[in-house]
Each structure stands twice: as C-alpha cells, then as structure tokens.
Amino acid sequence: MTDTAVATAAETQWVAPKRRRLVNLRNFPTFTFASWAVLFFLYLPLLHVVIYSFNSSRIATIWESPSVKWYIKTFHNDDIQRALINSFQIAIGATIFSTVLAVLAALGLQRMKRAGSTVAWALIGAPLIIAEIVLAVGTLGFFMAVGIPLGKVGMTVAHTAFCIPFALIPIRARLGQLDNAPFEAAADLGANESQILRRVTLPLLSPAIISGALLAFAISIDDFITSFFLSGPSSTTLPVYIFGMIRSTVTPEVDAISTLLLLFSGIVLISSYVLNRRRR
Amino acid sequence: MTKVHKHEKKKHLEGRPGQTAPALAFPTVLFLFFGIGIPLALTVVYSFLDRAKVGMGVTWTFNPKAYKSLFVIENLDGTTGFDTRYVKVLWNSFVYSGVTTVATVILSIPIAMWIATREENKRNILLAAVTLPFWISILIRTYGLRQIIDDNGPIGWIMHKLGNEGFHIIYTPTATMIGLIYVFLPFMILPIYSSAERFDFRLAEAAYDLGAKRWTVLRRIVLPSIRPGIIAGIALVFIPALGSFLQSDMLGGGKTNMIANVIALNFGQARNWPFGCALAVLLIVLTLIFVKLIQWAGKKTTGEQVSLI
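A quick note: this is a predicted structure, and the numbers were derived from the prediction, not measured.

### So, the overall build of chain A
- For chain A, the helix and strand inventory stands at 12 helices and zero strands.
- Its helices and strands taken in sequence order, chain A reads α-α-α-α-α-α-α-α-α-α-α-α from the N to the C terminus.
- The proportion of buried residues among the 280 residues of chain A is 42%.
- Here the contacts in chain A between residues at least 6 apart in sequence split such that 75% fall between residues at least 24 apart.

Dropping the structure here:
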C-alpha cells in the first residue's frame, strides 16, 4: 500500500465517526468565536470609558497615570449637579404622568377592538416608529406657536408623550395574559366594576406597572434629542450637558460622569432584579 | 362556563367581568393629541410656509418653496439648477442605514443561534449581557465607541504597531456606520434570538441524517426558520438608523451627513424651519413606506399581521 492509499483508507475510516459528531448541529463552527467577538465589541467601548475615567491626563484619549482627580472635579462641578437635578425632576415627572396615562390607556383600550381605536393606537405608537428628531422639532414649533417657554415644564410634557408607549408595553402584555378566574370570582362574590378594578385588576397589574414605570424612567433620563431642542438656558439636562462637553475639548471628566451613570444604571437594574426575584 | 372560557379564551376576554369603559383612555388620547398629533400636523403645515425674516420661526405665506429647495438651487444670478446636496444626504442616510442593517444581521445570526443553544443558566446571563446596553445612554455608548476608534485609541494604536501609519477612521462615513452598527446591534440580536430559541433542532438533525452539510443546513433549514426574527430586527434597526442623529454628528464629523443632521442644522444655526420641516415630513413618509414594506414582508413569510406597536 502506498502512503496515499493508507491516507485514503484512514480517511474513509474516519468519515463515519466524524459525521456522527457532526450531528450535534447545536455547535456551528466559528459561531462561538463570533459570539464572543460580538460581546467584546459591545462591551469594549464601555470598558474603555470606565478605565479612562481614572486617567490623570488632560486629554481623554491619551493615558498618563492612574488618578481620581476627574471624579473629584465632577463632584465639585456645579453645572453637573444642576443638570443632574434637572434630569431627575423631568424624569420623575415624566415617569409618573406617563405611567398613569399608560395604565388608563391600557384599561380603556382593552375592550376596544384594534380597528375601532386606530387613531388612539397610532398616537400612542408614533414615538416608537417616527424618528425622535421629527417629534422634537414639531413639539418645538408647537410650543413656539402657543407661547410655551422652553424649560422644564415643556420638557416634562414632551418626555411624558414619548414615554407612554414604553410604559404601556409591559402593562398591555400583562393585561392580555391575565386569567379570567379572579375576575369571575370577584364578580360572583358581588364585587362591582370599580371594586374589581381596585381590588383585582390593579393589584394583578402592579408588577407590570412597576416595570413600565422603570422603563419610562430609563428612557426619559437617557433622552438626548428631545431635551436638546426643548431645553432653555436653565433647564439643561445631564445628557445635553455631556453632549456639550464632548463637543468642546474632551477631558476624562466625560468618562468620569459616564462611569457614574453606568454605575447608577447598574444599581437600578440589579435592585429591580433582586426585587423581582424576592417577589417570586 | 369555565369550559367555554378554556376553549375560547381569547374571544372571551371581551366579556371578562371588571372590564373598564373605553372612556378611561380619553385623558391619554387627549394628551397625545396635543403631545404628538398637533406637533406632527404642525410639522406638515410649517413645511409649506416661509422662513421668518429675522430670528426663529415662520411667516404665514403658503408655498411649496421648501420642497422645491430640496432639489433646486437658486444661484446668485437668478438662474436655477439641480441641487445634489440634499439628494446626497438622502442617499447617504439610505446607504448608512442599509449597510448597518446588513451588518447587524450578519453579526447577530451567530450570536443569536449560539445563545439559543446554551444551557438555561448560561443563556440567561448571555441574554442579560445583550440586553444591558438598552439601559445605557446611547450618548455614552457612542462616546465610548468614539474613544475606541479615535486615532489615539486602541484600534489606532494596534494599527500603528502593525505599521499602518496612515490609519484614520474617525470623522469618516465608515465611523458613522460603525457607530450605527454598534448602537443598534442589540436590537437585531434579540428578535433573531427569540426566533432561534423556538427553532426545533430535530429538523437540523433530520437534515444531517439526509446527508446535508453544515452550510446547507444553515442556509436551507435554520435561516428560513429564523426569518421572522430577522424581519422584525430589520424594522427595529433600519427605521431608527434612518432617523439617527448622534452617530453621524459625533463620529461622522461633518454636520450634514444624514437627514436628522440637516433637520437639526435648520432648526439651529441655519434657522430655516420650513426647510427643516420639509425634511422631517420626507423622513416621516419614508418611515411609513418602510413600515408598510416590512409588514408586507412579514405577512409573506409568516402569514401573520406584523404589529410594530
């Protein structure tokens, strides 16, 4: 037998077990590597921000030596504190209003067939489909036309409008999943409509209302475009302020604020996760 | 009674006790009429007006001048010609969003399939890792990416070490597209994952037993099964990418890269509200056309009505 023949024989012997192994299609070649690469791509920029927030250099992209001086500077920056307070005021207002309006919409529209409430759903869903900048400039035009000054009140109204669909998503989903049994039991026991609403519907919806509110808060506090067009001189929010910083000379202070915001999001997410676990 | 309910649960939802009156939705609809409806209507109205002589705003003389100036330039000597600037902006927006969509599909399929085939514990952690960026400000994510692809950033450093001295990517259209891909990637991974999760791997096994190769299985069995997820992902990536502002502003350098940047410019320094509004109306129309296309494609592949709300 020549070498090639041996090789061929070995190959034919090999084919069968190799094919058996192949049946485990759950593993495509290179998919594992590609997946880790994608995760790396998603997190590398955030990691860079966190690491470079501890940079003593004046230029954000050039590493000098480890230092916390930009955090100290951030904590002493009055503009940042004002912007942070504005952001929270608007986000809390928008969260409360949008969640209440979302609950009302979910309850009111549940009985209506979709076709019968097209206009309502179009208005609710518009912020999910239409580019934010379009709604932002339209709202700016509206405020100017009726004389609403640029500031926190107008911003809260605009934030409420685009937060409603986000608050509504979990509430509507939950309402669709609810079992009829508790409602029938309540009705059989003589509860009237408003008693059922207060003692059955709303308590059953409460986890969804909380997630809806959380979603609305996250959307509002992170919003840049609407706030950018509607903020007046004294109502700058944190994202608008950070955008201004990025446009001028970028110091690691941007990284420091960003890291603090990442930390804040992390704490909110982990605490909501823990709360959810405990409830179950 | 319960039996009837079990059988026709969906239908019977209508008759559930304690169903509240439609009137409850009235405050929300009224609020959104002023918060969304009027601003959108005003955008259309403003697009047919003249710019204010001084400062911001409009003067109330109806004309289609703003739309005309999308394509026609008036030279100083009074002659007119075809204006390619805004056609180019439209073209850019389409190309950038299209490339972003294709790239996110290619990057998402492996990771979505991979996550869907992990054990449950690992799957939940990986899903959380993909979902987490939703909770992080897009501004911060875009800024982080800018630091990465900056000439002085890690990519530039590696390129420099590899001897690629002239490496420069920041403030180019490529940077804009990388930014869009980075920001919208999770929007593609999640819907594809939810399709992949439902995929029955016995089908793939059957295909193997019938002698199909990996690539054939992937193309002929897996891909058609996850198509609804891909279509949903395309809607979630292409539509917002078309109206995106931050990535082209922060990474693309120029101020008039994409539609949203030109809208912003006309509501800022350029102070031409009617023209900004005309572009906004154009963006709305393009969005609606695309929504219809996606719904049509969704209906064709799944036989179901695709709801974007």
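The structure having been displayed, the exposition proceeds.
### Regarding the confidence of the model for chain B
All names here are of chain B.
- For chain B, per-residue confidence averages 87 on the pLDDT scale, and 92% of positions sit at 70 or higher.
- Note on residues 1–12: pLDDT under 50 across the span, and four contacts to partners over four residues away in sequence or across chains.
- For this predicted complex, the interface confidence score (ipTM) comes to 0.88, while the overall pTM stands at 0.88.

### Overview of helix α11 (residues 214–225) of chain B
All names here are of chain B.
- Look at α11: 15 Å from first C-alpha to last across 12 residues, which is about the 16 Å you get at 1.5 Å a residue.
- Every buried residue of α11 is listed here: Val217, Ile221 and Val222. For α11, the buried positions fall inside an angular range of 85 degrees around the axis, keeping them on one side. Summarising the geometry of α11, the exposed residues directed more than 90 degrees from the buried face are Trp215, Arg219, Arg220, Leu223 and Pro224.
- Looking at the packing, one finds that the buried side of α11 touches α10 (201–209).

### A short note on the environment of Ser67 of chain A
Residues and elements named next belong to chain A.
- Residue placement: Ser67 occurs in the loop between α2 (31–52) and α3 (69–75).
- Judged by C-beta crowding, with 14 C-beta atoms within 10 Å, Ser67 ranks as partly exposed.
- Sequence separation between Ser67 and Ala145 is 78 residues; the distance between their C-alpha atoms is 50 Å.
- For Ser67, the residues in contact, after removing those within four places along its chain, are Phe54, Asn55 and Ser56.

### Side note on the interface of chain B and chain A
- Opposite the 79 residues of chain B that make contact, chain A presents 82 residues.
- Contributing elements (two or more residues each) for the side of chain B that touches chain A: α3 (26–46), α5 (85–116), α7 (138–149), α10, α11, α13 (246–250), α14 (259–267) and α15 (273–302) of chain B.
- Among the elements that line the side of chain B that touches chain A, the one with the most residues is α3 of chain B, at 16 residues.
- For the side of chain B that touches chain A, the per-class residue count stands at 54 nonpolar, 19 polar and six charged.

### Observations concerning the domain arrangement of chain A
- Along its sequence, chain A is carved into domain 1 (3–52) and domain 2 (72–279).
- Each side of the interface is counted separately: domain 1 of chain A has four residues, and domain 2 of chain A has five residues.

### Structural notes on unusual backbone geometry
All names here are of chain B.
- Notably, Tyr171 is not glycine yet its phi reads approximately 65 degrees, a positive angle.
- Structurally, Tyr171 can be placed in the loop between α8 (154–161) and α9 (173–197).
- Under the C-beta neighbour-count criterion, Tyr171 is labelled partly exposed, with 17 such atoms within 10 Å.
- Positive phi is not limited to glycine here, since Arg271 has a value of about 50 degrees.
- Assignment of secondary structure puts Arg271 in the loop between α14 and α15.

### Things to note about the nonpolar core
- Formed by 153 residues in total, the largest nonpolar core has its most connected members in Ile133 and Ala167 of chain A together with Ala112 and Ile263 of chain B.
- It is α9 of chain B that contributes the most residues to this core, 16 residues altogether.
- Looking at this core, you find at least three residues from each of domain 1 (3–52) and domain 2 (72–279) of chain A.
- In this structure Ala167 of chain A touches Ser98, Thr99, Ala102, Gly212, Ala213, Leu215 and Ala216 of chain A, once residues within four positions along its chain are discounted.

### Comments concerning the packing of helix α6 (residues 132–146) of chain A against α3 of chain B
- In contact at an axis separation of 8 Å, α6 of chain A and α3 of chain B are set at 90 degrees when each is read in the N-to-C sense. When the axes of α6 of chain A and α3 of chain B are compared, the pair comes out roughly perpendicular. Together, Val134, Leu135, Val137, Gly138, Thr139, Gly141, Phe142 and Ala145 of chain A of α6 of chain A and Ile36, Ile38, Pro39, Leu40, Leu42, Thr43 and Tyr46 of chain B of α3 of chain B make up the contact between the two elements.
- By residue class, the composition of the contact of α6 of chain A with α3 of chain B is 11 nonpolar, four polar and no charged.

### Quick notes on the packing of α3 of chain B against α15 of chain B
All names here are of chain B.
- Two elements in contact, α3 and α15, have axes separated by 7 Å at closest approach and are oriented at 120 degrees. Taken together, the axes of α3 and α15 are oblique relative to one another. Both α3 and α15 take part in a crossing whose hand is left-handed. On α15, the residues that touch Thr43, Val44 and Tyr46 of α3 are Trp273, Pro274, Cys277, Ala280 and Val281.

### Some points on the environment of Arg146 of chain B
Residues and elements named next belong to chain B.
- Within the element layout of this structure, Arg146 appears in helix α7.
- When the 24 C-beta atoms within 10 Å are taken as the criterion, Arg146 is described as buried.
- Sequence separation between Arg146 and Phe71 is 75 residues; the distance between their C-alpha atoms is 33 Å.
- Here Arg146 is in contact with Ile170, Met250 and Leu251, once residues within four sequence places are set aside.

Basis of the calculations
- Residues numbered from 1 in each chain as written.
- Chains lettered and ligands numbered in written order.
- Predicted model: local features only at pLDDT ≥ 70, side-chain atom pairs only at ≥ 80, totals over all residues.
- Helix = DSSP H or I, 4+ residues; strand = E, 2+ residues; numbered from the N terminus.
- Buried ≥ 20, exposed ≤ 12 C-beta atoms within 10 Å, placed from the backbone.
- Contact = placed C-beta atoms within 7 Å.
- pLDDT = per-residue confidence, 0-100.
- Expected span 1.5 Å × (residues − 1).
- Arc of directions from axis to C-beta.
- Nonpolar A, V, L, I, M, F, W, Y, C, P; charged D, E, K, R; others polar.
- Domains from an automatic or database assignment.
- Core = buried A, V, L, I, M, F, W, Y, C linked by C-beta atoms within 7 Å.
- Axes fitted to C-alpha atoms, helices over the stretch in contact; angles between N-to-C directions.
- Parallel < 35°, antiparallel > 145°, perpendicular 65-115°, else oblique.
- Left-handed = near helix turned anticlockwise from the far one by under 90°.

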